[in-house]
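# Structural overview
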Amino acid sequence: MAIFLTGSTGYIGAHVAANLLEGHGASLNLLVRARDPQEAQLRLWRGLQLHLDFPRFFEYLQTRVRVFCGDLTSPGFGLNRDEYDRLVHTTDSVIHCAASLNRKSEKSCLNVNLRGTLEVLTLARHAEHYHGLRRFSEVSTVAVAGKRSNEVVTEDAAIEWDRSDYDPYARTKKFCEHMTGVLLPDTPKTVFRPSIVLGDSRHAETTQFDMVKAFVFLAGLPVLPFRPNDQIDIVNVDFVADAITTLHQKDRPNFDTYHLSSGTSSQTFRQLTTALATAQQKRAPIFLPLTERPFSGSVNFLANRKGALGYGASLMKVFLPYLVWNTVFDNARVTTELGRKPVPFSEYGFPLLKFSRENHFQYSYRPWPAAAGGSAA
Ligand SMILES: NC(=O)c1ccc[n+]([C@@H]2O[C@H](COP(=O)([O-])OP(=O)(O)OC[C@H]3O[C@@H](n4cnc5c(N)ncnc54)[C@H](OP(=O)(O)O)[C@@H]3O)[C@@H](O)[C@H]2O)c1
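Here's a quick rundown of the structure.

Cut-off values and rules
Residues numbered from 1 in each chain as written. Predicted model: local features only at pLDDT ≥ 70, side-chain atom pairs only at ≥ 80, totals over all residues. Heavy atoms only, no water. Helix = DSSP H or I, 4+ residues; strand = E, 2+ residues; numbered from the N terminus. Rg over C-alpha atoms; globule rule 2.2 N^0.38 Å. Areas by Shrake-Rupley, 256 points an atom, 1.4 Å probe, with all protein chains shown as cover. Lys, Arg positive; Asp, Glu negative; His and termini not counted. Charge placed at Lys NZ, Arg CZ, Asp CG, Glu CD. Expected span 1.5 Å × (residues − 1). Buried < 20%, exposed > 50% of the residue type's maximum accessible area, 1.4 Å probe, protein only. Salt bridge = Lys/Arg side-chain N within 4 Å of Asp/Glu carboxyl O. Near = heavy atom within 4 Å. Polar contact = N/O pair within 3.5 Å; in protein donor to acceptor, adjacent residues only side chain to side chain. Core = buried A, V, L, I, M, F, W, Y, C linked by side-chain atoms within 4.5 Å. Contact = heavy atoms within 4.5 Å. Pairing = 2+ DSSP bridges. Axes fitted to C-alpha atoms, helices over the stretch in contact; angles between N-to-C directions.

What follows concerns the overall build of the protein. Scanning the protein from terminus to terminus reveals 13 helices and 15 strands. What you see for the protein is a C-alpha radius of gyration of 21 Å, in line with the 21 Å of a compact globule of 377 residues. Referenced to the eigenvectors of the C-alpha coordinate spread, the extents of the protein come out at roughly 60 × 50 × 40 Å. Entry remark: accessible area of the protein is about 17,000 Å², with carbon and sulfur atoms responsible for 51%. Between the mean site of the 42 positive side-chain charges and the mean site of the 37 negative ones, the protein shows a separation of 6 Å.

Here we take up helix H2 (residues 37-48). Its twelve residues give H2 an end-to-end C-alpha distance of 16 Å, which sits within 8% of 16 Å, the value for a rise of 1.5 Å per residue. Of the positions making up H2, those classed as buried are Glu39, Ala40, Gln41, Leu44, Trp45, Gly47 and Leu48.

One pass over the full model with this rule turns up 18 salt bridges. Of the charged contacts in the structure, one is a salt bridge between arginine 56 and glutamate 22, with a shortest N-O distance of 2.6 Å. Residue arginine 56 is located in helix H3 (residues 54-63), and its partner glutamate 22 is located in helix H1 (residues 11-24); the two are separated by 34 residues in the primary sequence. Here arginine 56 falls in the partly exposed class, since its relative accessible area comes to 38%. In this structure, the salt-bridge partner of arginine 193 is glutamate 177, at a minimum N-O distance of 2.8 Å. Placement of the pair is arginine 193 in strand S7 (residues 189-194) and glutamate 177 in helix H6 (residues 168-183), with a sequence separation of 16 residues. Like arginine 193, the residue glutamate 177 is buried in the burial classification. Taken together, the salt bridges that share partners define one network made up of Glu106, Asp165, Arg171 and Lys174.

Its location among the elements puts lysine 306 in the loop between helix H10 (292-302) and helix H11 (307-323). Linking lysine 306 and valine 212, residues 94 residues apart in sequence, is a C-alpha distance of 20 Å.

With that out of the way, let us pick up the site of the ligand. Taken together, 24 residues lie around the ligand, and Thr9, Arg33, Arg43, Tyr169 and Lys173 are the ones closest in. Between the ligand and glycine 10, the relevant distance is 3.0 Å, taken from an oxygen atom to a main-chain nitrogen or oxygen of the residue. In isolation the ligand has 910 Å² of accessible area, and contact with the protein removes 86% of it. Elements represented by at least two residues in the shell around the ligand include exactly H1 and H6.

So, on to the nonpolar core. Considering soluble globular proteins, one finds that nonpolar side chains tend to be buried as a cluster. Ranked by size, the top nonpolar core spans 44 residues in total, and within it Ile12, Phe57 and Ile244 carry the most contacts. Sorting the residues of this core by element identifies strand S1 (2-6), H1, strand S2 (28-32), H2, H3, helix H8 (237-249), strand S12 (257-260) and helix H12 (332-338) as the ones contributing at least two each. In terms of residues, this core owes the most to one element, H1, which gives eight residues. Among all residues touching phenylalanine 57, those that are not within four sequence positions of it are Gln41, Leu44, Trp45, Leu48, Leu52 and Trp368.

As summarised here, the arrangement of the seven strands in space is S3-S2-S1-S4-S5-S7-S12, forming an open sheet in which the pairing is parallel. Edge strands, defined here as strands with exactly one partner in the open sheet, are strand S3 (65-69) and S12. Strand-to-strand, the axes of this sheet are offset by a mean angle of 20 degrees, without reference to chain direction. Pairing of S7 with S12 involves four bridges; the strand directions are parallel. Paired with valine 191 across the bridge in S12 is threonine 257. On top of the sheet, H6 reaches strand S5 (136-139) and S7; it is set at about 170 degrees to S5, its chief contact.

On to H6. An α-helical segment advances 3.6 residues per turn. Residues three or four places apart therefore align on the same side. In a regular helix each residue adds 1.5 Å, so 16 residues correspond to 22 Å; H6 covers 22 Å between its end C-alpha atoms and thus fits that length. The set of residues buried in H6 consists of Pro168, Tyr169, Ala170, Thr172, Lys173, Lys174, Cys176, Glu177, Met179 and Thr180. Where H6 is buried, its residues touch helix H5 (106-131), S5, S7 and H11.

Right under this line is the structure:
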């Protein structure tokens, strides 16, 4: 039997897949968007090469990974009847990590997050019906807490249906949590809500650059439109993936929902910018909170432009509400249960920004080795 994991080609999902394979001896059923198995294997190799060398990856592929080429937005993931049955009958738990993070697109969030999660829940219900499901883990987000200001939010106080959301992403993820509760009433479930996941504390390399770009943009400004003592809840991806895999594999986690966040230990803008400036031997930026309105006006204006500036501004536009809300997410549950804490961003942020800048925000993927048997396209 295997864990059905969605989103394994993504940033967090690849960390989770590698942890499950390396640290937990798990077998995995992976849903991968691809035209054929060769393309799926190649896409997995790209996602997992941050974590595994090729021989190890290939060994896992042969022995403990079953790939299902499918799409969350197609009925039954677009699998044929035999493949779908095989997925149902070989799945004994689920980690649903795939999502659309496109905060600007109602359509994408509706299709991938709502319709896609419904498909995953349907699969889980079939598995539950035939042989029982050990656990359904849902990777959600702290953004389900909606519009906030100057708060420390606990897990139980996060969802309030009368509260407005910042974007379609947050709204659809909030409803995904609700759907999971309603459609799997008797299955053991765990909801994981990461905060801003930025970088791996163990090494500078990353394959995910959107949020890093926003940070590099901000780090280059001489004046920042923020309150210097506002906290920003950033968490390292290795902490997030470790928490998801450890708690998913545990017989009885203490809670049904966990914030995977830095909580009240979150650093302030001043702490972050001072650390970055020191590392670069530069002068730290000046904080002018009164410029927030004109700054966000300029960002909105520039976001409609084409090119790199327009792209940077559109990224900044979607992340800005999460940078100025001065809200952090209590993490006592996860830190107590795991006996570990996230690594402060100031301790690993500079190598991440340096790597990203030097590599022009691109990861140089290693190709599929030509000599490998069963080679991908
Ligand atoms: N990154 C963060 O800061 C953050 C913070 C809080 C919560 N989260 C949550 O963490 C989870 C993973 O996020 P991430 O940062 O790892 O995102 P990501 O790198 O964008 O990965 C998204 C994954 O979902 C898959 N996916 C998207 N649409 C799909 C579809 N139609 N069918 C099948 N698979 C599809 C992608 O597959 P392709 O490779 O084919 O595109 C990819 O594997 C999400 O649930 C997100 O809401 C992330």
